[in-house]
Amino acid sequence: PNDIRHEWGIEFKHFCNAKGRELLPPDITFEGNYTTKPQRGRFRQSKVKKSIDFLKNEWVCVTSRESKDTARSMIESLKRASGNLGIRIESPDIIAINARHKDDFVNELRTYDEIRSKKIVFVVLDRYTKGYYSSIKQFLYNQLGIPSQCVSADKRSQNLSYYSNVLNQMVVKARGEL
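Keep in mind it's a predicted model, so treat the numbers as computed, not measured.

With respect to the overall build of the protein
Part 1 of the reasoning: The secondary structure content of the protein amounts to five helices and six strands.
Part 2 of the reasoning: Relative to the 2.2 N^0.38 estimate, which gives 16 Å for 178 residues, the radius of gyration of the protein is 25 Å and therefore markedly larger than a compact globule would have.
Part 3 of the reasoning: Counted over contacts in the protein with a minimum sequence separation of 6, partners at least 24 positions apart contribute 69%.
Part 4 of the reasoning: Total accessible area on the protein is roughly 12300 Å²; 47% of this is exposed by carbon and sulfur atoms.
Part 5 of the reasoning: Both charge centroids of the protein, one from 31 positive and one from 21 negative side chains, sit 3 Å from each other.

In structure tokens form, the structure reads like this:
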């Protein structure tokens, strides 16, 4: 160390002793009032808050009529990815909208009252509707207060890692924990 200090031009003139104190780890409280104190070097705990599930009546898929089959395929991929994440998914209802202008799309979407009671809206956008992204997001979140997860129909052939990431985003937006 002395050689390195001289080589780098570092000089220590005075050393002083200081008293140190090791802080005790805080208690960590999980859902259900389970409390634990982490041990040094052990950070994984077995009782963590369960992630959110997406049961049939808790979410909905919105897409264009042309992309309805693609949406079904993407939902099946989400279901396959859900097993590794410990999330239960049931197939939602699919709302297929037949509008070719963003205002018409949002106005037709506005007529579906059942959307208001959902945890999240899964939106599959195709080449015609991808330009509607911001209008759809704005309507669902600002006017209805419902989070949404938009995906491109072009991504339907992605691997399960892609769908795991989409599902993780959906869980967080629906106020669940990963």
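Back to the write-up after that little detour.
Observations concerning helix H4 (residues 133-143)
Part 1 of the reasoning: If you check which residues of H4 are buried, you get Ser 135, Ile 136, Lys 137, Phe 139 and Leu 140.
Part 2 of the reasoning: Close packing links the buried residues of H4 with helix H3 (102-110), strand S5 (120-125), strand S6 (148-152) and helix H5 (160-173).
Part 3 of the reasoning: Backbone geometry just after H4 places Gly 145 at a positive phi near 75°.

Section: the sheet that holds strand S3 (residues 59-64)
Part 1 of the reasoning: Spatial strand order, S4-S3-S5-S6: four strands in an open sheet with parallel pairing. In this open sheet, the two edge strands, each paired with only one partner strand, are strand S4 (93-97) and S6. Recorded for the sheet is a direction-independent mean angle of 20° between the axes of neighbouring strands.
Part 2 of the reasoning: Across five bridges, S5 lies against S6 in parallel orientation. Residue pairing for S6: Leu 125 is matched across the bridge by Ser 152.
Part 3 of the reasoning: Lying over the sheet, helix H2 (residues 68-85) contacts S3, S4, S5 and S6, oriented at roughly 145° with respect to S3.
Part 4 of the reasoning: Sheet strands touched by H3: S3 and S4. Its angle to S4, the strand with the most contacts, is close to 140°.

The rules we used
Here, residues in each chain are numbered from 1, in the same order as that chain's written sequence. Predicted model: local features are reported for residues with pLDDT of at least 70 only, side-chain atom pairs are reported and counted for 80 or more only, and whole-chain, interface and lining totals are derived from all residues. Only hydrogens and water are removed before side-chain values are computed, so all heavy atoms of the structure are retained for them. Helix and strand definitions here come from DSSP, where helices need a minimum of 4 consecutive H or I residues and strands a minimum of 2 consecutive E residues; each element is numbered from the N-terminal end. With C-alpha atoms as the basis for the radius of gyration, the globule rule is written as 2.2 Å multiplied by the number of residues raised to the power 0.38. Contacts were defined at the residue level, with two residues in contact if any of their heavy atoms lie within 4.5 Å. In these tables, accessible area is a Shrake-Rupley quantity obtained with a 1.4 Å probe, and a residue counts as shielded only by the protein chains included in the view. We treat Lys and Arg as the positive residues and Asp and Glu as the negative residues; His and chain ends play no part in the count. Just so you know, the charge point we use is NZ for Lys, CZ for Arg, CG for Asp and CD for Glu. Here's how the labels work: a residue is buried when its accessible area is under 20% of the maximum for its type, exposed when over 50%, partly exposed in between, all with a 1.4 Å probe on protein chains only. Criterion used throughout: strands pair if DSSP finds at least two bridges between them. The axes used here are C-alpha line fits, helices contributing only the stretch in contact, and every angle between their N-to-C directions lies in the interval 0 to 180 degrees.

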